Amino acid sequence: MTARNDVPAFFVYGEPSRTLDVGFLHVETVMERKSLHFGQVAPHKHPLMGQITYWFKGEGCYRIEDRTWNFSAPAISFVPSNVVHGFDVGEQSDAIVVSISDDLLRAMAPQVDLVLDAPVLLEGEADAAGWVRIGMLLDMVMEDYRGGAAASERVLAGLIGVVLSLMARLGGNVGFEAASPALALGLELRRAIDRHYREDWPVGHYVERLATTPHLLDKAARTVFGQTVKDMVLERRLLEAKRLLRFTIRPVEDIGRETGFEDPAYFSRFFRKRTGVSPTEWRRQNSEAAGAG
């Protein structure tokens, strides 16, 4: 597979990576982008979102990091952000692809049975009960998403959460052993940051927790995520602050404390530096309530 540092990063396939809206969801079929890839999707990654890919017809070759599978439909994969993947399929193959922002995945995680920080690929039988349910649920996701303005984020997230839990029931929690030490350490680091970002740990605490060295941890962070360890922690805190500002009515000061900032003024400066606006202004521009009819 292409060296990780040379792997292109996309928003959705073929489109340059960009900042995602909090709660971002995108649903389409693989063959809707046929004119870009003609069934041959080169190794790539998505820095800010994970993807479910459900192959409902056809067959092909699927690659995740340094592993390769020959598959026949039905098959389904979940690939977290920054994990390299690609595939080659025939003209008669197609799949539903659900792209889910990292912040939404993290909000869903406590209610989902599947481990969401490791990739998985599963194959099955089309008439097996679990696969029938997955197909029906993802058809509902596609139909609701294409409803445009009438689509409900909560309904979509609920349906997607059930799909992820069904994947766990079908064997998705067996785990993916990454041959790359940098990838394995990078995924462990993200896991640790998700658990401890509120505690404002120095980088040294993560080094100790993961039983590694500062050099190896920094290398893993830069190789897998393109960031330093410190920036990963700060971005995680910003992500949670945005989620709470958009989806709750909690005071800004409380949200600052919830994300590890005891000083409201420091939280406001931090937020403005990274977004260009104050937390209050960002909430006004992005509040779910503001867009509700």
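Going by the structure above, here's the rest.
Residues numbered from 1 in each chain as written. Predicted model: local features only at pLDDT ≥ 70, side-chain atom pairs only at ≥ 80, totals over all residues. Heavy atoms only, no water.

Caption draft 1: Summary view of the packing of aromatic side chains. By the definition in use, this model includes eleven aromatic pairs. An angle of 55° between the planes, with centres 5.6 Å apart, marks the rings of Phe261 and Tyr266 as tilted. When its relative accessible area of 43% is taken as the criterion, Tyr266 is described as partly exposed. Clustering of aromatic rings is evident, with ring pairs tying together Phe261, Tyr266, Phe267, Phe270, Phe271 and Trp282. Here the guanidinium or amino end of Arg237 rests over the ring plane of Phe261, the centre of that ring lying 4.0 Å away. (Phe/Tyr/Trp six-rings, centres within 6.5 Å; stacked < 30°, edge-to-face > 60°. Buried < 20%, exposed > 50% of the residue type's maximum accessible area, 1.4 Å probe, protein only. Lys NZ or Arg CZ within 6 Å of the ring centre and 35° of its normal.)

Caption draft 2: How the structure looks around the pattern of salt bridges. Under the criterion given, the structure shown has 17 salt bridges. A salt bridge links Arg146 to Glu32, with the shortest nitrogen-to-oxygen separation between them at 2.7 Å. Pair noted here: Arg146 is in the loop between helix H3 (129-145) and helix H4 (153-169) and Glu32 is in the loop between strand E1 (25-29) and helix H1 (34-37), with a separation of 114 residues, a long-range link. Assessed through its relative accessible area of 44%, Glu32 is described here as partly exposed. (Salt bridge = Lys/Arg side-chain N within 4 Å of Asp/Glu carboxyl O. Helix = DSSP H or I, 4+ residues; strand = E, 2+ residues; numbered from the N terminus.)

Caption draft 3: Expanded view of the sheet that holds strand E3 (residues 49-57). On the basis of which strands lie adjacent, the open sheet formed by five strands has the order E1-E8-E3-E6-E9 and antiparallel pairing. Sheet topology places E1 and strand E9 (120-123) at the edges, where each strand pairs with a single neighbour. Ignoring which end each strand starts from, the neighbouring axes of this sheet average 10° apart. Relative to the sheet, H3 contacts E1, E3, strand E6 (75-79), strand E8 (94-101) and E9, its axis offset from that of E1 by approximately 110°. Where H4 meets the sheet, its contacts fall on E1, E3, E6, E8 and E9, and the angle it forms with E6 comes to roughly 110°. (Pairing = 2+ DSSP bridges. Axes fitted to C-alpha atoms, helices over the stretch in contact; angles between N-to-C directions. Contact = heavy atoms within 4.5 Å.)

Caption draft 4: Seen up close, the environment of Ile249. Tracing the sequence through the fold places Ile249 in the loop between helix H8 (229-247) and helix H9 (252-258). Residue Ile249 is classed as exposed on the basis of its relative accessible area of 82%. In the structure, Ile249 is positioned 34 residues away from Arg283 in sequence and 9.5 Å away in space, judged by C-alpha atoms.

Caption draft 5: Fine view of the pairing of E1. A large share of E1 lies buried, amounting to five of its five residues. Side chains of E1 alternate between two faces, with Leu25, Val27 and Thr29 and His26 and Glu28 buried alike.

Caption draft 6: Here's a closer look at the environment of Val229. Along the chain, Val229 turns up in helix H8. Classification of Val229 by relative accessible area gives buried; the value is 4%. Spatially, the C-alpha atom of Val229 lies 7.5 Å from that of Leu217, the residues being twelve residues apart in sequence. Beyond its immediate chain neighbours, meaning those up to four positions away, Val229 contacts Leu189, Ile193, Val203, Leu217, Asp218 and Ala221.

Caption draft 7: Up close: the nonpolar core. In terms of nonpolar packing, the biggest core is built from 35 residues, with Trp55, Tyr62, Leu189, Tyr206 and Leu217 touching the most fellow members. Counting residues per element, this core draws most heavily on helix H5 (residues 181-196), at six residues. What Leu217 contacts, discounting residues up to four positions off in sequence, is Leu185, Leu189, Tyr206, Val207, Leu210, Thr212 and Val229. In this structure, Tyr54, Val98, Val120 and Leu138 belong to the second largest nonpolar core, which totals 32 residues. (Core = buried A, V, L, I, M, F, W, Y, C linked by side-chain atoms within 4.5 Å.)

Caption draft 8: Up close: unusual backbone geometry. Look at the link from Ala73 to Pro74: it is a cis peptide, with omega at 0°. Examined against the element boundaries, Pro74 turns out to sit in the loop between strand E5 (67-72) and E6. Located in the positive-phi region is Asn82, a residue other than glycine, with phi close to 70°. A positive phi angle, close to 50°, is found at Ala211, a residue other than glycine. For Ala211, the position within the fold is in the loop between helix H6 (203-209) and helix H7 (214-225). For Ala211, a relative accessible area of 72% translates into the label exposed.

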